[in-house]
Amino acid sequence: MNDAVADWTFLSLFGSEEHLISLAGVRLGTNLKKFAQSHFHYIKGLSNMKTKCAVWLAFFLNLSFAIVEFIAGGIFGSSAVLADSVHDFGDAVAIGISAFLESISNRKEDSHYTLGYKRFSLLGAMVTAVILMTGSGMVILENMVKLFHPHPVNEEGLFWLGIIAISVNVLASLVIRKGQTKNESILSLHFLEDTLGWLAVILMAIVLRYTDWYILDPLLSLAISFFILSKAIPRFWSTLRIFLDAVPEGVNIQKIKTDLAELDHVASINQLNLWTMDGLEKNAIVHVCLEHVKHMEVCKESIRTLLKESGFQNVTIEVDEDLATHRAHKRNIEELEAESEQQHHH
């Protein structure tokens, strides 16, 4: 009995729900399965709570230190610190919005949003990318002038600010690193990235302590800003493509169309729509003509299997009698525009 309890406790902390419930049935008796399941969900709930606390801790640290950086950058006259404050503020917005919208995106579809709320999770990425691109652009414009007319900076203040910043980032990284989720691992990498950036600021402060190479400050500021843009622009474009219902990244639509056309009993592929709601869950609509209607169910299953193997979770299949029938019920852009124009006149 004690061995079973020990195994059960270990699995509840490190194993899966299936392993835990299976063990409960075999070692403790089938009547305790429900209790084992509720215990697993309790442990899982605690883990989720710790994850949320870690995420909100990351938000608080980023936002608080972004404000400190902005004030200190102005006092010490450092463009590099001001540029990093833009970076941290953007990250704080990303973390805060994503934490808030993630809870909304998990809601089930309803009468208001029949396709669900999944795209709410993308709004944070869009807002953050715009903030980062705008802020970095402004910093670049300002520091292009300072390259030719560099200003003196308070190197001692930068040095001690860098020491404090590294201490905060290392502490936050240690707290976040204890988590096991992908989100927490990404946040841990973010804090490591910030630590390396502040090491560069400290090195610059040491150099300025013994030299008057004040051009290093705008150079470091431009380096940080261009680095932010290199991350923000691809993120913005990738998210925008999802909002515009582009073919999911990494999907070769021509290959899928060819593979579908080569399936048994398929006469033609009349329409193929591939898109994703949130960058994770992929959807497909297929209109086909068959060699004979008696093969409909077998053919539908083959199409569904092929698309699921290609990573598409939601598949809708429409069988057309012929191409003319398909064209008859397909949307007509000219008719839609005519109807819209008539409604506008009325």
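To start, this report covers the structure provided alongside it. (Residues numbered from 1 in each chain as written. Predicted model: local features only at pLDDT ≥ 70, side-chain atom pairs only at ≥ 80, totals over all residues. Heavy atoms only, no water.)

1. Here we look at the side chain of Gln271
Moving on, step 1. Checked against the element boundaries, Gln271 lands in strand β1 (residues 266–276).
Moving on, step 2. Among the polar contacts made by the side chain of Gln271, one reaches the side chain of Asn273 at a distance of 2.5 Å. (Helix = DSSP H or I, 4+ residues; strand = E, 2+ residues; numbered from the N terminus. Polar contact = N/O pair within 3.5 Å; in protein donor to acceptor, adjacent residues only side chain to side chain.)

2. Structural notes on helix α8 (residues 216–243)
Moving on, step 1. An ideal rise of 1.5 Å per residue puts 40 Å on 28 residues; α8 measures up with 40 Å between its terminal C-alpha atoms.
Moving on, step 2. Buried within α8 we find Asp217, Pro218, Leu220, Ser221, Leu222, Ile224, Ser225, Ile228, Leu229, Ala232, Thr239 and Ile242.
Moving on, step 3. One or two steps after α8, the chain reaches Asp245, where phi turns positive at roughly 60°. (Expected span 1.5 Å × (residues − 1). Buried < 20%, exposed > 50% of the residue type's maximum accessible area, 1.4 Å probe, protein only.)

3. Brief notes about the nonpolar core
Moving on, step 1. With 24 residues, the main nonpolar core has Leu158, Leu161, Trp198 and Leu220 as its most contacted residues.
Moving on, step 2. Elements represented by at least two residues in this core include exactly α3 (33–76), α4 (79–105), α5 (120–146), α6 (155–177), α7 (182–210) and α8.
Moving on, step 3. Top contributing element to this core by residue count: α7, with 6 residues.
Moving on, step 4. Once you skip the residues sitting within four places of it in the chain, Leu161 turns out to touch Phe65, Val68, Ala72, Phe76, Val81 and Trp198.
Moving on, step 5. Counting 19 residues, the second-largest nonpolar core is a separate cluster that includes Val266, Val286, Leu290 and Cys299. (Core = buried A, V, L, I, M, F, W, Y, C linked by side-chain atoms within 4.5 Å. Contact = heavy atoms within 4.5 Å.)

4. Details of the sheet that holds β1
Moving on, step 1. Taking strand neighbours across the sheet as the criterion, the 3 strands line up as β1-β2-β3 in an open arrangement whose pairing is mixed. Of all the strands in the sheet, just β1 and β3 (312–320) have a single pairing partner and so form its edges. When the angles between neighbouring strand axes are averaged without regard to direction, this sheet yields 20°.
Moving on, step 2. Where strand β2 (residues 282–290) meets β3, 8 bridges bridge the pair, whose relative direction is parallel. Considered in β3, the bridge of Asn283 is made with Asn314.
Moving on, step 3. Against the sheet, helix α9 (residues 253–261) makes contact with β1, β2 and β3, and its axis sits at roughly 145° relative to β1, the strand it touches most.
Moving on, step 4. Across the sheet, helix α10 (residues 296–309) lies against β1, β2 and β3, angled at about 150° from β3, the strand it touches most. (Pairing = 2+ DSSP bridges. Axes fitted to C-alpha atoms, helices over the stretch in contact; angles between N-to-C directions.)

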